[in-house]
Protein chains: 2
Amino acid sequence: MSPEQARALFRAGLRVPTSGWCAGWTQANLIAVPREHAYDLLLFAQRNPKPCPVLDVTEPGETSASLFAGDLRTDLPGYVVYEHGEPVAETSDVIGYWRDDLVAFLIGCSFTFEDALRDAGVPVRHIEQNRNVPMYRTNRMCRRAGEFGGPLVVSMRPVPTAQVADAVRVTARYPAVHGAPVHIGDPVELGIDDLDRPDFGDPVDVRLDELPVFWACGVTPQAAVMVSRPKFAIGHAPGHMAITDARDTRFLVP
Amino acid sequence: MSPEQARALFRAGLRVPTSGWCAGWTQANLIAVPREHAYDLLLFAQRNPKPCPVLDVTEPGETSASLFAGDLRTDLPGYVVYEHGEPVAETSDVIGYWRDDLVAFLIGCSFTFEDALRDAGVPVRHIEQNRNVPMYRTNRMCRRAGEFGGPLVVSMRPVPTAQVADAVRVTARYPAVHGAPVHIGDPVELGIDDLDRPDFGDPVDVRLDELPVFWACGVTPQAAVMVSRPKFAIGHAPGHMAITDARDTRFLVP
């Protein structure tokens, strides 16, 4: 399926996680804030490039982006609207919430390298189980930038121990979509007490011969919004990404 | 020599290009603008990552940076001060020009990968000839961001034809310090009429069996300042870099 076809389905109201959708195309996290907060957010991303690799930034009020020909207000499968850091709505479009001063950031998403993982024979459990990827707030704090600070958020994929090195090697080549894992093994070291209770998304099965492998996650800016409480923000619903018009090979380091 | 020792010499007044200095340490371009211009400049960098890979951004008025323990006002070997885009002073320190609202950007510099080039047996002519690297404005325009736009600036190193592939391969692994070349061969295609008359730095000899190889250059933000004319800016004197406390391997992609 092409990004355009997927976006048309989402625009029509389909609400599903996008992992496994549109093989070969880059997926992105969305975070949009009023222009007055945009410098601090862009600086937060610059200072935390592992969770917040910026792929594109719109002009204030723009509803598409250079990498995303669709409508940012309708063409993602789900959105969260924040006021003063509180989620006030979860919706399938944000037409009624969009503002002329909103600057939208597209941030790299690890779904982008899942094709490469599967090509290398590394299983992707949440796709196998037809669930959303599990995501967790960690005890690692991001570098602050102006008003924005907060915890690193990670996604987790269980990987057979014999294939952990492959998972590292393959994903390291995609630094713009979170790159190599930030942690492998014991979740307690990240302050995660129970893998079965993710902060975002769904739990997945971890088998006896597998290690949980954690990648930085583009939900991190939304966690920062919840901590830092700017007056207004719009994010994608975690796991329900913007499917862009950029090929995933564009972000592959040779 | 350590970065700290080099900075002490520059602080004492030594004015020399820094190519070949402090093997193993990352060098950086400086561009500092008042806070009111900082968002547009950070966005300009995000939209033009090849010439403007941002390594660090200070808080307004700060005189050191997380990657640079020295004093940004004194510890580079040379500076250029701009008012409304015009160079109004070339100095060995900017103590008298610094302002409390200045945000300083450290941008990756291709001097950082010159050790790796030489380790691979690729000659670096301006070091051999004890000159500054030649830099040129090109006919390629950067993506605009707010008030900032302007031409791509490149540095040039002549490379024996048999070693051009090595030069590409080695430098591609350092995307944060400009990465792979942007052009190889005929300078006219970049709008450069005469290699012997660089816009910044010194000309170097290009031999019969060599091709000129062009890398994106961190003087690009200064070229944008000259075109876009913000009320005030401070840059390093081209080739006279900030020598940081970051190891060059930090920016090496595996």
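Rules behind the numbers
Residues numbered from 1 in each chain as written. Chains lettered and ligands numbered in written order. Predicted model: local features only at pLDDT ≥ 70, side-chain atom pairs only at ≥ 80, totals over all residues. Heavy atoms only, no water. Pairing = 2+ DSSP bridges. Helix = DSSP H or I, 4+ residues; strand = E, 2+ residues; numbered from the N terminus. Contact = heavy atoms within 4.5 Å. Axes fitted to C-alpha atoms, helices over the stretch in contact; angles between N-to-C directions. Buried < 20%, exposed > 50% of the residue type's maximum accessible area, 1.4 Å probe, protein only. Least-squares fit on C-alpha atoms with pLDDT ≥ 70 in both. Parallel < 35°, antiparallel > 145°, perpendicular 65-115°, else oblique. Left-handed = near helix turned anticlockwise from the far one by under 90°. Nonpolar A, V, L, I, M, F, W, Y, C, P; charged D, E, K, R; others polar. Expected span 1.5 Å × (residues − 1). Domains from an automatic or database assignment. Buried area = accessible area lost by both parts, 1.4 Å probe. Phe/Tyr/Trp six-rings, centres within 6.5 Å; stacked < 30°, edge-to-face > 60°. Lys NZ or Arg CZ within 6 Å of the ring centre and 35° of its normal.

This part covers the sheet that holds strand E9 (residues 210-216) of chain A. Residues and elements named next belong to chain A. The sheet built from 4 strands is open, its strands ordered E6-E7-E9-E8 with antiparallel pairing. Across the chains shown, the open sheet's two edge strands, defined by having one partner strand only, are strand E6 (135-141) and strand E8 (183-184). In this sheet, E9 lies alongside strand E7 (residues 151-160) in antiparallel orientation, the contact comprising 7 bridges. The partner of Pro160 across the bridge, within E9, is Glu210. Across the sheet, helix H5 (residues 164-172) is in contact with E7, E8 and E9; its angle to E9 comes to roughly 15°.

Residues and elements named next belong to chain A. Strand E3 (residues 79-83) sits mainly inside the fold: 4 of its 5 residues count as buried. With 5 bridges connecting them, E3 and strand E4 (residues 86-91) associate as antiparallel partners. Within E4, the position partnered with Val80 by the bridge is Glu90. Between E3 and the antiparallel strand that follows it, E4, lie 2 residues; His84 among them carries a positive phi value of about 50°. Sheet topology note: the E3/strand E10 (residues 232-236) ladder contains 5 bridges and is antiparallel.

With that settled, consider the relation of the copies chain A and chain B. One chain copy maps onto the other through a rotation about an axis and a shift parallel to that axis. With an RMSD of 0.0 Å, the fit of chain A onto chain B corresponds to turning through 180° and sliding 0.0 Å along the axis. Taken together, the rotation and translation relating the two chain copies correspond to the operation of a two-fold axis. By C-alpha distance to the rotation axis, the residue of chain A lying nearest is Tyr39 of chain A, at 2.6 Å. With an isologous cut-off of 70% or more, the 100% of interface residues of chain A that recur at the interface of chain B puts this contact in the isologous class.

Right, let's get into the packing of helix H2 (residues 35-47) of chain A against helix H2 (residues 35-47) of chain B. Two elements in contact, H2 of chain A and H2 of chain B, have axes separated by 10 Å at closest approach and are oriented at 50°. Taken together, the axes of H2 of chain A and H2 of chain B are oblique relative to one another. Once H2 of chain A is placed against H2 of chain B, the crossing between them reads as left-handed. Contacts between H2 of chain A and H2 of chain B involve Arg35, Ala38, Tyr39, Leu42, Leu43 and Gln46 of chain A from the first element and Arg35, Ala38, Tyr39, Leu42, Leu43 and Gln46 of chain B from the second. The residue makeup of the contact of H2 of chain A with H2 of chain B, split by class, is 8 nonpolar, 2 polar and 2 charged.

Attention now moves to H2 of chain B. Residue and element names in this part refer to chain B. Along its 13 residues, H2 runs 19 Å from first to last C-alpha, staying within 8% of the 18 Å computed at 1.5 Å per residue. Counting buried residues along H2, 11 of its 13 residues qualify, which places the element largely inside the surrounding structure. If you check which residues of H2 are buried, you get His37, Ala38, Tyr39, Asp40, Leu41, Leu42, Leu43, Phe44, Ala45, Gln46 and Arg47.

Residues and elements named next belong to chain A. Within the secondary structure, Pro17 sits in the loop between helix H1 (3-11) and strand E1 (25-34). Pro17 gets classed as partly exposed once you look at its relative accessible area, which sits at 27%. The spacing of Pro17 and Val133 is 116 residues in sequence and 8.4 Å in space, taken between C-alpha atoms. Excluding anything up to four places from it in sequence, Pro17 contacts Asn132, Gly239 and His240.

Further remarks concern the domain arrangement of chain A. Residues and elements named next belong to chain A. Considered domain by domain, chain A is made up of domain 1 (3-109 + 228-251) and domain 2 (111-216). Computed over C-alpha atoms, the centres of domain 1 and domain 2 are 20 Å apart. Across the domain 1 to domain 2 interface the summed buried area is about 2600 Å²; carbon plus sulfur atoms make up 59%. Those elements that provide at least two residues to the side of domain 1 that touches domain 2 are E1 and H2. Of all the elements, H2 adds the most residues to the side of domain 1 that touches domain 2, at 6 residues.

Moving on, we come to the environment of Arg247 of chain A. All names here are of chain A. On the secondary structure map, Arg247 appears in strand E11 (residues 242-247). Judged by its relative accessible area of 44%, Arg247 falls in the partly exposed class. In the structure, Arg247 is positioned 180 residues away from Leu67 in sequence and 9.7 Å away in space, judged by C-alpha atoms. Excluding residues within four positions of it along the chain, Arg247 makes contact with Gly24, Trp25 and Thr26.

Residue and element names in this part refer to chain A. Under the definition given, this model contains 8 aromatic pairs over all chains. With 4.9 Å between their ring centres and 45° between their planes, Phe10 and Trp21 make a pair best called tilted. On the criterion of sequence distance, the pair formed by Phe10 in helix H1 and Trp21 in the loop between H1 and E1 is long-range, its members being 11 residues apart. A relative accessible area of 1% means that Phe10 is categorised as buried. Cation over ring: Arg157 sits above Trp215, and NZ or CZ is 5.1 Å from the ring centre.

This part is about the sheet that holds strand E7 (residues 151-160) of chain B. Backbone-to-backbone hydrogen bonds pair the strands of a sheet. The strands run either parallel or antiparallel. All names here are of chain B. The strand order E6-E7-E9-E8 describes an open sheet built from 4 strands, whose pairing is antiparallel. Both edges of this open sheet fall to strand E6 (135-141) and strand E8 (183-184), since each of them pairs with a single strand only. Alignment of E8 against strand E9 (residues 210-216), held across 2 bridges, turns out to be antiparallel. The residue bridging His183 from the neighbouring strand is Phe214, located in E9. Sitting on the sheet, helix H5 (residues 164-172) touches E7, E8 and E9, and the angle it makes with E9 is about 15°. Those strands touched by helix H6 (residues 220-228) are E6 and E7, and its axis lies near 145° from that of E7.

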